[in-house]
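Below are the chains, spelled out letter by letter.
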Amino acid sequence: MVYFDVKTVGELINEFYEQYKGPGYVDELRVVNSWKQVVGPFIAKHTIDLAIRNRILFVRVDSDALRNELSYSKSVLLNQLNNQVGKVVIDEIVLR
C-alpha cells in the first residue's frame, strides 16, 4: 500500500515561499498586509511604502506631521503588528 504526504494548498504555498524567499517571508507578508488594519484607513492612505529588511519595518509616509505623530506610537504599533501574526516578526520600525 502506498501512502501519500497530503498537504493543503496553503502549506504548499508556505513551503514554496520559504524555499525561494527565505524563512519567515510569509510572516513578513502578513505584517505588511495587516498594516491597514492596525493603523486605520487614514494613515494607510498616507503610507507610500512598506518594506521589511533584517526584522526592521521601514515605513514611508507622505507627511512630515504624520511621521512625527507615528514616531510617538512606534512601540505600540510594533506590538500590534507582531500580535496580528502571533509571533515576533519585526523588532523595530523606521519611519521615513
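Being a predicted model, the structure only gives us computed values, none of them experimental.

1. Digging into the environment of Met1
Position of Met1 relative to the elements: it lies in the segment before α1 (9-21). Judged by its relative accessible area of 87%, Met1 falls in the exposed class. As for Met1 and Val94, which are separated by 93 residues in sequence, their C-alpha atoms are 55 Å apart.

2. With respect to the pairing of strand β3 (residues 92-95)
Taken residue by residue, a regular strand's side chains alternate between the two faces of the sheet. Of the two faces of β3, only one is covered, namely that formed by Ile93 and Leu95; the face formed by Glu92 and Val94 stays uncovered. Relative to β3, strand β2 (residues 56-61) runs parallel, the two being bridged by four bridges. Paired with Leu57 across the two strands is Ile93, which belongs to β3.

So, how was this worked out
- Residues numbered from 1 in each chain as written.
- Predicted model: local features only at pLDDT ≥ 70, side-chain atom pairs only at ≥ 80, totals over all residues.
- Heavy atoms only, no water.
- Helix = DSSP H or I, 4+ residues; strand = E, 2+ residues; numbered from the N terminus.
- Buried < 20%, exposed > 50% of the residue type's maximum accessible area, 1.4 Å probe, protein only.
- Pairing = 2+ DSSP bridges.

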